[in-house]
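Given next are the chains, with one letter for each unit.
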Amino acid sequence: MASSGNRKKKRVFYQSKAERRAKTARRAAIYLMRTVIMVVMACIICVVAFLAAVRISNVYILASEGMSLRAECILADGSRNDLDGYFTPSWLERDPELNEKIYSNYTITEYSYNLSVERISVMPWSVVATIVATELVSIRGNVNEELLSEGQNAADFPPPAWTPVRYKIHIISRSGQWYINELEVLEKNPVQKPLGTPDPNKTPIPAATPTPVPTPTPVPTATPFAGQPFMVLD
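Along each chain, residue indices are assigned from 1 in the same order as the chain's sequence is written. Local features in this predicted model are restricted to residues of pLDDT 70 or higher, and side-chain atom pairs are both shown and tallied only at a pLDDT of 80 or more, whereas totals for entire chains, interfaces and linings draw on every residue. In computing side-chain properties, one takes all heavy atoms of the structure into account and sets aside hydrogens as well as water.

Enquirer: Please give an account of the overall build of the chain that cites residues and values.
Expert: Helix and strand labels come from DSSP, where a helix needs a run of H or I of at least four residues and a strand needs a run of E of at least two; each type is numbered from the N terminus. Along the chain, the regular secondary structure elements total 3 helices and 4 strands. Starting at the N terminus, the α and β elements of the chain follow one another as α-α-α-β-β-β-β. Relative to its full complement of 234 residues, the chain shows a buried share of 21%. Here, two residues are considered to be in contact whenever any of their heavy atoms come within 4.5 Å of each other. Considering only residue pairs separated by 6 or more positions, the chain has 64% of its internal contacts joining residues 24 or more positions apart. Accessibility here uses a 1.4 Å probe with only protein chains present; expressed as a share of the type maximum, an area under 20% marks a residue as buried, one over 50% as exposed, and anything in between as partly exposed.

Enquirer: Can you tell me about the pairing of strand S3 (residues 165-174), naming the residues and giving the values?
Expert: Here the rule is simple: two strands pair whenever DSSP picks up at least two bridges between them. Sheet topology places strand S2 (residues 128-143) next to S3; 8 bridges connect them, and they run antiparallel. Bridge pairing in S3 places Ala133 opposite Tyr167. One ladder, built from 10 bridges, connects S3 with strand S4 (residues 177-188); its direction is antiparallel. Across the sheet, residue Val165 finds its bridge partner in S4, namely Lys188.

Enquirer: Got a sec to walk through the nonpolar core? Specific residues and values, please.
Expert: The nonpolar core is taken to be a set of buried Ala, Val, Leu, Ile, Met, Phe, Trp, Tyr and Cys residues, with the residues joined through side-chain atoms within 4.5 Å. Ile169 and Ile171 are the most contacted members of the largest nonpolar core, which totals 31 residues. Among the secondary structure elements, those contributing two or more residues to this core are helix H1 (2-76), helix H2 (89-94), strand S1 (106-122), S2, S3 and S4. For Ile169, the residues in contact, after removing those within four places along its chain, are Ala63, Met67, Ala129, Thr130, Ile131, Ile180, Glu182 and Leu183.

Enquirer: Quick rundown of the confidence of the model for the chain? Include the residues and the values.
Expert: Taken residue by residue, the chain gives an average pLDDT of 79. The fraction at 70 or more is 76%. You can read pLDDT as the predictor saying how much it trusts each residue, on a scale of 0 to 100. For the stretch residues 197-208, pLDDT sits under 50, and the model shows 0 contacts to residues farther than four places along the chain or on other chains. Scored below 50 in pLDDT, residues 220-234 shows 0 contacts in the model against residues more than four places distant or in partner chains.

Enquirer: Let's hear about the pattern of salt bridges: which residues, and what values?
Expert: Whenever Lys or Arg places a side-chain nitrogen within 4 Å of a carboxyl oxygen from Asp or Glu, that contact is recorded as a salt bridge. With the rule as written, the count across this model stands at 5 salt bridges. Between Glu97 and Arg70 there is a salt bridge; the shortest N-O distance is 2.9 Å. Here Glu97 is found in helix H3 (residues 96-100), whereas its partner Arg70 is found in helix H1, with 27 residues between them in sequence. Exposure remark for Arg70: the relative accessible area of 0% places this residue in the buried category. A salt bridge links Arg166 to Glu118; the nearest nitrogen and oxygen atoms lie 3.0 Å apart. Taken together, the residues span a long stretch of sequence, with Arg166 in strand S3 and Glu118 in strand S1 at a distance of 48 residues. Bridged by salt links that share partners, the residues Arg70, Asp95, Glu97 and Glu135 form one connected network.

Enquirer: Tell me about the packing of aromatic side chains, and please be specific about residues and values.
Expert: Side-chain rings of Phe, Tyr and Trp (the six-membered ring for Trp) are treated as a pair once their centres are within 6.5 Å; stacked means planes under 30 degrees apart, edge-to-face means over 60, and tilted covers the remaining angles. Applying the stated criterion across every chain, the model contains 1 aromatic pair. Relative to Trp162, the ring of Tyr103 lies with its centre 6.2 Å away and its plane at 10°, an arrangement referred to as stacked. In this pair, Tyr103 is assigned in the loop between H3 and S1 and Trp162 in the loop between S2 and S3, connecting sequence segments 59 residues apart. The exposure class of Tyr103 is buried, given its relative accessible area of 5%.

Right, dumping it as structure tokens:
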């Protein structure tokens, strides 16, 4: 009877040890799976972020260069062939500013262009994108002299001002290349945020400049052994 009891105890001991091993193996497998899943998810997030950054950069450069070149074509009557790499042919045909030729009777001597981008919406896997931006252009120029009558002064006929416009720029991808497909006007003459200029009423009072005080002349201290006779050694 004693031997059978010992066998039962040993059998129970071996079963609990096997269960502990099984639990350890399951925990290790779960930990390994979690680690692998976390690494895979981190890699996916990095790839998605990289692709999104690349697409944002591409559409930003496209909009900045394309809109600037469009303004140059409108002001200087440039060739539309230069716009083919930035705009779709369907939009170039119906672009009102390009077709109206507002500045065809003027010679633009100087202009400055600014496209202030507010928001870019594009997904890494998408073939469409949108950009919300405000276009500001300041120009200087003169009317063509052949259009003036006798006694008229060119200074009395300045070129029309460029209307500031807040656009929603629609961009599409064709054969791996981005193109501006439409310029949706959201607002004309949008309110511009003023630059931060100092308020003279709130200018801080300048601090008083400290007056330099001359340093007093140092009083010489007594020399060591002053007044004591020196011993002359033979």
